Amino acid sequence: MYKVLIVEDEELERTSLEKVIAEYCPVIREIDTADNGDSALESVQAGTPDIVLMDIHLGSANGLDLSDVILREYPTVKIIVITAYDQFSYVQRALKIGVSDYILKPVSTDALIKIIEKQISVIEKEKWMVLRQARQDDINETAEELVRTAFVGNIIHNTINENMVDSLSTIQYPRKSMAVCVMDFVIPGMTLIENDRTAVKKILFDFLMKREYKAKLVGDVFHSNFITLCLFSEDPDENWAWIARQIRHDVAAEYHIFLEMGISDKTSDIYKLGGSFKQAMLALKVGKDSINLYTDHFADYGDSFSEADGFLAEIIPYMLDGRLPELESAFERMQTELIIREESLSGSKIFCSKLWISLIKELESKISLKQDEYEKLFLSTILHVMNTSSIQDSVAIVKESVLEATGFITSVRGEKLYHITKRAHQYIDEHFTEPLTLNSIADALKISSYYLSHVFKESFGSTIMEYLGKKRIEESRKLLIESDLSVKEIATAVGYSDANYFCRVFKKYSNLTPSNYREANKGLT
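Q: Before we move on, can you summarise the overall build of the protein with the specific residues and values?
A: If you tally the helices and strands in the protein, you get 21 helices and 12 strands. By the burial criterion, 44% of the 525 residues in the protein qualify as buried. Nonlocal contacts in the protein, meaning residues at least 24 apart in sequence, comprise 68% of its contacts between residues at least 6 apart. For the protein, the exposed surface amounts to about 28,300 Å²; the carbon and sulfur share of it is 50%.

Spelled out as structure tokens, the structure:
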């Protein structure tokens, strides 16, 4: 387990030390000896010992000088100096060199064993410290990787929040200029199955994370079908295309894999990176080059499309309410207007694309779109519009997508409505004995009281408080028939603090007072 080197020019002393260690130190599995400085150095170089017992006087050599040489090259070795001379100058120099301990001759068995065990204990502690540090480094690295992956996942799903930004701040990435790059890859002459694509994505991702670029990279390969990189730079005018070319060159040189890249416009607002991801996806899908900048294709689109705003304001309510006939009529008017004003084909494509981009932005503020839903609803429509050959086709593509999105919205809202009302029912059934109010139920469900009241009544035709009242009366009827509790006790048991009020509510729902109801249902248990 441990190795000891005994450096002693006196054979009798050397043999005695070796015998004691072999007999009383079972953790010492290997004992080597040397009678001079040269052989001691050879032994150390052949296999570094854990502990060296070093005599100071070695004939022509000096044990302290030899210790100095060994410790400079092998600082983890524990050297115990052995000498017959109790001189302060020796002790002082030994401490300065870094010798671990000092023992005087003649050396007793107990003293020798004790000092060796002490150094073994030190070695054990140092090993655990290294292991703990390695583990902590691994934990820190894993935690940082999780933060990076989670952050990019939030970018992709457009769910960046303050907590996520705070977590990212621990990694301290620059934020003067940021962009998102989405990458697909091609291996010439090969078609990859899904598992192989995933493996290649991981290899490329790990490779890029180890490279040094002017911008800092945060990446992810798990939340979409592509490799997604978020790029951070100190330079507000960073040339993202130049960095993209570097990345593409490095991957091609290392793996002979060719990247296709879409790059968003730059931003200095970290909360806008969700939109940047969508810009990068759009650039990748629309572009025909190996590196495609969003600004090259959509620079004139901006964030506000005034031409389409009026039409957008008209159709949004129709979509949210599922009013398909009104949507059909609106698109007929839009097509007629584009033709009347003699809009060119390219102009109609731009108008339809602007309308669709604005529409998706508006819908995202009202409903939640998952990534696959976003790609299906958003990207495919833009691609189809770009490839149309007439104004009528451009309008038809957007109209078809709007009708499809309307059906999707209706489905999402119906599903959402179902889950909300189901949760409300369950909460009331479990807590009806408590002093509930509309606000307390809404707070428990973490939604607004106005919205809860609206969706509940829309689903059941009654208010949530009416349902609560019916639930309490239903339970009180069981208690009146099945128990001997007084009316006052039953009122308290089902959530009423006022027995008189309970009696009035009970009579409203049952056409009988609680006492009369009990009397009328005697013998039913």
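Q: How would you summarise the side chain of Arg 14 if you had to cite specific residues and measurements?
A: Its place among the elements puts Arg 14 in helix α1 (residues 11-24). A distance of 2.7 Å separates a polar side-chain atom of Arg 14 from the backbone oxygen of Glu 8. Non-local contacts of Arg 14, meaning those with residues more than four positions away in its chain, are made with Ile 6, Glu 8, Asp 9, Thr 33, Ala 34 and Asp 35.

Q: An account of the packing of aromatic side chains is needed here, citing residue identities and associated values.
A: Applying the stated rule across the entire model yields five aromatic pairs. Taking 5.3 Å as the distance between ring centres and 85 degrees as the angle between the ring planes, the aromatic pair formed by Phe 207 and Tyr 255 counts as edge-to-face. Placement of Phe 207 in helix α7 (residues 194-210) and of Tyr 255 in helix α8 (residues 240-255) is noted, with a sequence separation of 48 residues between them. Following the ring pairs from residue to residue traces out a cluster consisting of Tyr 496, Tyr 501, Phe 502, Phe 506 and Tyr 517. The cationic tip of Arg 197 hangs over the ring face of Phe 185; the distance from NZ or CZ to the ring centre is 4.6 Å. Stacked on the ring of Tyr 496, the Lys or Arg Arg 472 has its end atom at 5.2 Å from the ring centre.

Q: Residues and numbers for the packing of helix α18 (residues 464-482) against helix α20 (residues 499-510), please.
A: Here α18 crosses α20 at 95 degrees, and the two axes come no closer than 10 Å. As judged from the angle between their axes, α18 and α20 are roughly perpendicular. Side by side, α18 and α20 meet where Glu 466, Gly 469, Lys 470, Ile 473, Ser 476, Arg 477 and Leu 480 of the first sit next to Phe 502, Val 505, Phe 506, Tyr 509 and Ser 510 of the second.

Q: Just give me the short version of unusual backbone geometry, but keep the residues and values in it.
A: With an omega dihedral of -10 degrees, the bond running from Lys 105 to Pro 106 counts as a cis peptide bond. As for its position among the elements, Pro 106 is in the loop between β7 (101-104) and α5 (109-156). In the Ramachandran plot, His 256 falls in the positive-phi region, its phi being about 60 degrees despite a non-glycine side chain. By the secondary structure assignment, His 256 is in the loop between α8 and β11 (258-263). One non-glycine residue, Asn 511, lies in positive phi territory at about 65 degrees. Among the secondary structure elements, Asn 511 is positioned in the loop between α20 and α21 (514-520).

Q: Report on the sheet that holds strand β2 (residues 28-34), specifying residues and quantitative values.
A: Taken in spatial order, the five strands make up an open sheet running β2-β1-β3-β6-β7, and their pairing is parallel. In this open sheet, the two edge strands, each paired with only one partner strand, are β2 and β7. Neighbour-to-neighbour, the strand axes of this sheet turn through a mean angle of 20 degrees, independent of strand direction. Here six bridges tie strand β1 (residues 2-7) to β2, and the two strands are oriented parallel to one another. Opposite Val 4, over in β2, you have Ile 31 as the bridge partner. Against the sheet, helix α2 (residues 37-46) touches β1 and β2, its axis set at about 170 degrees to β1. This element, helix α3 (residues 63-73), spans β1, β3 (51-55) and β6 (78-83) of the sheet and lies at about 155 degrees to β3.

Q: Would you mind going over α20 in detail, with residue names and values included?
A: Helix length check: α20, at 12 residues, gives a terminal C-alpha distance of 16 Å against a target of 16 Å (1.5 Å per residue), a fit within 8%. In this structure, the buried side of α20 is in contact with α18, α19 (487-493) and α21. Capping the start of α20, Asp 498 holds a side-chain oxygen 2.9 Å from the backbone nitrogen of Asn 500, two or three residues further along. Directly after α20, the chain includes Asn 511, whose backbone phi takes a positive value near 65 degrees.

Q: Hey, could you go over the packing of α3 against helix α4 (residues 88-97) for me, with residue numbers and the actual values?
A: Between α3 and α4, the least distance of the axes is 10 Å, while the angle of their chain directions is 10 degrees. Taken together, the axis directions place α3 and α4 in an arrangement best described as roughly parallel. Across the interface between the two elements, Leu 64, Asp 65, Ser 67, Asp 68 and Leu 71 from α3 touch Tyr 90, Arg 93, Ala 94 and Ile 97 from α4. For the contact of α3 with α4, the per-class residue count stands at five nonpolar, one polar and three charged.

Q: Please set out the confidence of the model for the protein residue by residue, giving values where relevant.
A: Detail in the predicted coordinates should be disregarded across regions flagged by low pLDDT. Chain-level statistics for the protein give a pLDDT mean of 79 and a share of 81% at 70 or above. In the model, residues 137-143 has pLDDT below 50 throughout and makes zero contacts with residues more than four positions away in sequence or in other chains. Scored below 50 in pLDDT, residues 300-306 makes 13 contacts in the model with residues more than four places away or belonging to other chains.

Reading the values: the criteria
Residues numbered from 1 in each chain as written. Predicted model: local features only at pLDDT ≥ 70, side-chain atom pairs only at ≥ 80, totals over all residues. Heavy atoms only, no water. Helix = DSSP H or I, 4+ residues; strand = E, 2+ residues; numbered from the N terminus. Buried < 20%, exposed > 50% of the residue type's maximum accessible area, 1.4 Å probe, protein only. Contact = heavy atoms within 4.5 Å. Areas by Shrake-Rupley, 256 points an atom, 1.4 Å probe, with all protein chains shown as cover. Polar contact = N/O pair within 3.5 Å; in protein donor to acceptor, adjacent residues only side chain to side chain. Phe/Tyr/Trp six-rings, centres within 6.5 Å; stacked < 30°, edge-to-face > 60°. Lys NZ or Arg CZ within 6 Å of the ring centre and 35° of its normal. Axes fitted to C-alpha atoms, helices over the stretch in contact; angles between N-to-C directions. Parallel < 35°, antiparallel > 145°, perpendicular 65-115°, else oblique. Pairing = 2+ DSSP bridges. Expected span 1.5 Å × (residues − 1). Nonpolar A, V, L, I, M, F, W, Y, C, P; charged D, E, K, R; others polar. pLDDT = per-residue confidence, 0-100.

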